[in-house]
Amino acid sequence: MPDRSLHKPVAVINRFEVKGDVARFERLFREHSQFLRRREDFDFLVTVRLVERPHVYAHIGHWRTLRGFLDTVNDETFQLHVKKLGPLVDAEADQAVSVARVLRENAVVGAENVVLTQVTVREEPHAFERGYAEMNEHFGTLGGFGGSDLLRSTLLPGRYTGLQWWRDTADCDRALGSAEYRALRHALGRRADITVDRTRHVAYERVIG
């Protein structure tokens, strides 16, 4: 059974496909994000925008406790924001826990320097996690690697979301162009269905104290 303790951390993953005015969506979502940053038990957020599908965004909000997130969902301001944003997007949501986090340095905002990976593991999830860690070790030898966060869904068995980031676009280009990366990714694909998207870094923001 998944651990749903109200007192443990949780990451809330939202994927938005904008149907209308992207500028309006970004303005309203910015307002929503600043509201989240002031909530009790909020930790930090990451927002990225797909390079090849620029109307698609992924947003990961990290909470120190599931209780803090649930209290916020029931807040009137949160509900008002949902009513404003809902007609603008098709949305998918998941909840997850971080199983492997590597922190080296921040990624430049506005650069195409974040890789978003969506995974459904068919077999041996722990072997997949080890393979993902091996990929990060390789990236760490190349320079400019900022870090990684591998998130395992608490709602969907076998589902993972991975984020890997670099200091800037050139560092990311160099890492993804390496033969070692291609070999490691191929190996991961033997036990999982994997979708990899290059994204533009929109925001990394921490709680407002």
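An account of the accompanying structure is given in this report. Owing to the predicted nature of the structure, the values given are computational and were not obtained by experimental measurement.

**Some remarks on the packing of aromatic side chains**
Evaluated as defined, the whole model comprises 13 aromatic pairs. Ring geometry for Phe 139 versus Trp 166: centroids 5.0 Å apart, planes at 75°, classification edge-to-face. Of this pair, Phe 139 sits in helix α4 (residues 125-140) while Trp 166 sits in strand β7 (residues 159-166), and the two are 27 residues apart along the sequence. Given the relative accessible area of 0%, Phe 139 is considered buried.

**A look at the environment of Glu 31**
You can see Glu 31 is positioned in helix α1 (residues 22-37). Sequence separation between Glu 31 and Ser 178 is 147 residues; the distance between their C-alpha atoms is 39 Å. With sequence-adjacent residues up to four places away left out, Glu 31 is seen in contact with His 81 and Lys 84.

**With respect to the side chain of Asp 43**
You can see Asp 43 is positioned in strand β2 (residues 42-50). We classify Asp 43 as buried; its relative accessible area is 17%. Within the structure, Asp 43 has its side chain in polar contact with the side chain of Arg 206 (distance 3.0 Å).

About the criteria used
Residues numbered from 1 in each chain as written. Predicted model: local features only at pLDDT ≥ 70, side-chain atom pairs only at ≥ 80, totals over all residues. Heavy atoms only, no water. Phe/Tyr/Trp six-rings, centres within 6.5 Å; stacked < 30°, edge-to-face > 60°. Helix = DSSP H or I, 4+ residues; strand = E, 2+ residues; numbered from the N terminus. Buried < 20%, exposed > 50% of the residue type's maximum accessible area, 1.4 Å probe, protein only. Contact = heavy atoms within 4.5 Å. Polar contact = N/O pair within 3.5 Å; in protein donor to acceptor, adjacent residues only side chain to side chain.

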